[in-house]
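Architecture at a glance
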Amino acid sequence: MIQAQTKTKIPILTIAGSDCSGGAGLQADLKTFSAHGLFGMSVVLSVVAENTTRVISCFDIPKKIIDEQMLAIYEDITPKAVKIGMLGSKEIISCVKENLLHFKCENIVIDPVMFAKNGYALMPLENCQFFKDEILSLADVLTPNIPEAEFLCDFKIYNEEDMKKAALKLFDYGAKSVLIKGGHSKENTNDVFYDGKEFSIFKGEKIDTKNTHGTGCTLSSAIASNLALGKNKYQAIALAKEYVYGAILNSLALGKGCGPTNHFFKFDKE
C-alpha cells in the first residue's frame, strides 16, 4: 500500500452565477483560483445558458438551496476570501447579504455584474438601487467597469477624472475601496483605485483581440485570490491586473463571438 502524501491549500469561495461555456461566471473564478494555487469552492446563485455570442436564458437558484450551499461551506471549510459575482434578483441579494454577515466572511470582492458582453441585463436594472442599499457596504473591494459605474453613479464617465468621481461616490455609498476598471476606454485600460484615503492609477495597454469574454470575472477573482494569499489591496490589484493581461494576451480562439481568456497561460507548453 502506498502512503498518501497529504497537502494543504488555501481555500477560497466564489458566490456567483454559472457560465455553461466556461469563459465567465463561477467557471472562470474556479479556473482563476486554481491558477493561483488555491482550493476553489463555489455557491451557485444562477444558472446561465450562454456562450461567446449570446445569453439565452437565466434561472435563479431558490433561496433555500443558496442558504444550504453556504452552510455546507462554512461548517466545514472556511475560505480566506470571497468573490461575489452576478446577483440576479432582490431575493438573492438579500440572501447573500444575510449569509455574508452570518458567517462573518472576510476579504469580500464584489464584482457588480450587470450586463453581459451583448448587453443582456444579468442584474435587472430596477434592482440597482436595492443592490447599492443592501450589499455595497460589504465590499472590501468593489470592481465595476465603466458602464456599471455609470449606471450605479447615474452619470457618464469620459476620462480618469470622471472615474475618480465615480470611485468617490461608490465609496460614499459604503464600499470600503473601489476599483473602476478602464477596459471600456478607447485609449488604454487604466484602472482607478480609491482606498478611502488616496487614488492609485493602474496603467494598462490595449490588446488587439476580441477574446475578452469573462475578463471582469477573472480580474475580481484574481484580486480575491491575492487577498487570500495575504497580499494587501494594492498588491492584490496590481498582481491581478498583470495576470488578466497575460490571460488576454494568450487568449483562446474558441467560439463564434468574443472568445475566452486563457486562465492557465502560465502553464502552457511552447
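Our subject is the structure listed above.
Residues numbered from 1 in each chain as written. Predicted model: local features only at pLDDT ≥ 70, side-chain atom pairs only at ≥ 80, totals over all residues. Heavy atoms only, no water.

Let's shift gears to the nonpolar core. Counting residues in each nonpolar core, the largest one holds 46 residues, and the members touching the most others are Ile 15 and Leu 100. Considering every element that reaches this core, the biggest residue donor is helix H3 (residues 90-102), with five residues. Setting aside anything within four residues of it in sequence, one finds Ile 15 in contact with Val 43, Leu 45, Met 70, Val 82, Lys 83, Ile 84, Gly 85, Val 96 and Leu 100. Within the second largest apolar cluster, 24 residues are counted, among which are Leu 38, Ala 81, Ala 228 and Val 244. (Core = buried A, V, L, I, M, F, W, Y, C linked by side-chain atoms within 4.5 Å. Buried < 20%, exposed > 50% of the residue type's maximum accessible area, 1.4 Å probe, protein only. Helix = DSSP H or I, 4+ residues; strand = E, 2+ residues; numbered from the N terminus. Contact = heavy atoms within 4.5 Å.)

Now for the pairing of strand S2 (residues 39-50). With seven bridges connecting them, strand S1 (residues 11-17) and S2 associate as parallel partners. Looking at S2, one finds that Thr 14 is bridged to Ser 42. In terms of handedness, the path from S1 via helix H1 (residues 25-35) over to S2 forms a crossover that is right-handed. Two elements, S2 and strand S3 (residues 55-60), share five bridges in a ladder whose sense is antiparallel. In the sheet register, Val 47 faces S3, and the bridge partner there is Phe 59. (Pairing = 2+ DSSP bridges. Right-handed = clockwise from strand over helix to strand, strands pointing away.)

A negative phi holds for most residues other than glycine; trans holds for most peptide bonds. We note that Asn 107 has phi near 50°; this positive angle belongs to a residue other than glycine. Relative to the helices and strands, Asn 107 is located in the loop between H3 and strand S5 (108-110). Using a relative accessible area of 24% as the deciding quantity, one classes Asn 107 as partly exposed. A positive phi angle is found at Asp 154, which is not glycine, with a value near 65°. Among the secondary structure elements, Asp 154 is positioned in the loop between helix H5 (146-153) and helix H6 (160-173).

This paragraph deals with helix H7 (residues 215-228). Helix length check: H7 (14 residues) gives 20 Å between terminal C-alpha atoms against 20 Å at 1.5 Å per residue, within 8%. Most of H7 sits inside the fold, with 14 of its 14 residues counted as buried. Residue Gly 230 follows H7 closely and has a positive phi angle near 95°. (Expected span 1.5 Å × (residues − 1).)

No statement about biological role is implied by the geometric values presented.
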